[in-house]
Amino acid sequence: MKYDGIIFDMDGTIWNTEKEVCLAWNKVLADAGHPKRVTGDELAGYMGLPMTEIAKRMFGTDNYDSVAELFGCCMQYENEYIAKHGAVLYPDLINTLKQMYTKIPLFIVSNCQSGYIEAFLDYYGFGKYFKDILCWGDTKVSKGESIKILMEKNGIEDAAYVGDIQGDCDSARFAGIKFIHAAYGFGSVKDKDAEIHTFAELLDVVE
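If you're wondering where the values come from, they're calculated on a predicted model, not measured in any experiment.

Caption draft 1: Structural detail: the packing of helix H8 (residues 143–154) against helix H9 (residues 166–175). At a minimum axis distance of 8 Å, the contact between H8 and H9 shows a crossing angle of 45°. The orientation of H8 with respect to H9, classified from their angle, is oblique. In the crossing of H8 with H9, the sense of the turn from one axis to the other is right-handed. Residues Lys 143, Gly 144, Glu 145, Ile 147 and Lys 148 of H8 form the contact with H9, whose own contacting residues are Asp 168, Ser 171, Ala 172, Phe 174 and Ala 175. Counted by class, the contact of H8 with H9 contains four nonpolar, two polar and four charged residues.

Caption draft 2: Seen up close, the pattern of salt bridges. Taken as a whole, this structure holds 10 salt bridges when the rule is applied. In this structure, a network of salt bridges that share partners links the residues Asp 9, Lys 143 and Asp 168.

Caption draft 3: Representation of the sheet that holds strand E6 (residues 159–163). Strand order in this open sheet of six strands is E5-E4-E1-E6-E7-E8, and the pairing throughout is parallel. The open sheet terminates on both sides in strands that have one partner only, identified here as strand E5 (132–135) and strand E8 (194–196). The average undirected angle you get between the axes of adjacent strands in this sheet is 25°. The pairing of strand E7 (residues 178–182) with E8 spans three bridges and is parallel. Paired with Ala 182 across the strands is Ile 196, a residue of E8.

The rules behind these values
Residues numbered from 1 in each chain as written. Predicted model: local features only at pLDDT ≥ 70, side-chain atom pairs only at ≥ 80, totals over all residues. Heavy atoms only, no water. Axes fitted to C-alpha atoms, helices over the stretch in contact; angles between N-to-C directions. Helix = DSSP H or I, 4+ residues; strand = E, 2+ residues; numbered from the N terminus. Parallel < 35°, antiparallel > 145°, perpendicular 65-115°, else oblique. Left-handed = near helix turned anticlockwise from the far one by under 90°. Contact = heavy atoms within 4.5 Å. Nonpolar A, V, L, I, M, F, W, Y, C, P; charged D, E, K, R; others polar. Salt bridge = Lys/Arg side-chain N within 4 Å of Asp/Glu carboxyl O. Pairing = 2+ DSSP bridges.

Worth remembering: the numbers are spatial, not functional.
Have a look at this one:
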């Protein structure tokens with residue numbers, strides 16, 4: 001398959017931050033005297049959702065405004081923690097990116113908060129590999145709409161989105177592009193154009 005751009009999801013596709021996010025959020029919750037604690041299994045169920053939806057499910061409320069300040073502190077400290085400690089990169093990520101970025105423009109679109117992708121890029125020095133990034137925190141719209149915004153901004157017409165859950169596939173379809181399922185991630189997908197079981201397999205799919 002030939003594309004003029006490959007757009008990546010973050011969690012479950014590029015890296016796994018379950019441990020780091022749990023540590024960061026639970027510290028904020030404990031410091032605030034809140035009884036809630038987040039587990040890895042719970043966090044895995046949130047992957048791919050907009051941050052407002054995660055907050056509502058996490059605190060068991062339909063009123064995001066009632067938990068926005070505390071959840072905002074969780075997200076801010078999460079960014080700071082990841083910027084200092086990194087997380088778990090999937091195998092062969094670095095070598096694959098090194099081979100890909102000189103041949104095809106690479107991008108990231110995620111449902112995360114502002115600063116999250118930047119913390120990842122800064123910690124690993126990966127900024128040179130990605131031409132542009134966009135997230136829910138920047139646009140406040142759905143992932144599919146964010147993909148369309150990024151594509152229009154960068155003049156991309158024929159792209160593929162790489163993600164691990166059905167929501168990622170749905171977002172790609174909304175944006176009118178192909179979907180490559182990262183089957184090593186957090187979910188299964190019914191409708192896909194290709195599937196990879198390791199990050200390195202992406203080289204065979206896009207070349």
